[in-house]
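Examination of the molecular architecture
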Amino acid sequence: MPEHVSILQLLGPVVLALAAVLWVTGLVRLLRRYRPVHHRWAPDQPLPGLPQQRQTAPDRETVELTPAERDAFAGLVHRLNSGR
């Protein structure tokens, strides 16, 4: 044992190594205890991280057009179709 090193300085690395071994052992035991179970997802089973999907489509919105608007829309469609 070197003369210029105290007992506490010699015990420090030993205590730290022991603490690290205990920590790693506890961590390994904890991870083994709560290991996730691997199972296949069924196609109809929802994923847990996604919000619930809607079963029906949203209501359709309709707007009544005046005869002048209908004629303008028909003219626009005719012009777009004739450009092809």
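Bear in mind that the values here come from a model prediction, so they are computed numbers and not experimental data. (Residues numbered from 1 in each chain as written. Predicted model: local features only at pLDDT ≥ 70, side-chain atom pairs only at ≥ 80, totals over all residues. Heavy atoms only, no water.)

Within the secondary structure, Arg79 is located in helix α2 (residues 67-82). Once the C-alpha coordinates of Arg79 and Arg54 are considered, the two residues, 25 residues apart in sequence, prove to be 39 Å apart. (Helix = DSSP H or I, 4+ residues; strand = E, 2+ residues; numbered from the N terminus.)

A separate point is α2. Because the α-helix completes a turn every 3.6 residues, residues three or four places apart line up on one side. Compared with the 22 Å implied by 1.5 Å per residue over 16 residues, the 22 Å span of α2 between its first and last C-alpha is a close match. With 0 of 16 residues buried, α2 lies mostly on the surface of the structure. (Expected span 1.5 Å × (residues − 1). Buried < 20%, exposed > 50% of the residue type's maximum accessible area, 1.4 Å probe, protein only.)

Let us now look at the environment of Leu76. Note that Leu76 resides in helix α2. Taking C-alpha positions, Leu76 is 78 Å from Val21, a pair spaced 55 residues apart along the chain.

Interpretation note: all reported values are geometric properties and have no functional meaning in isolation.
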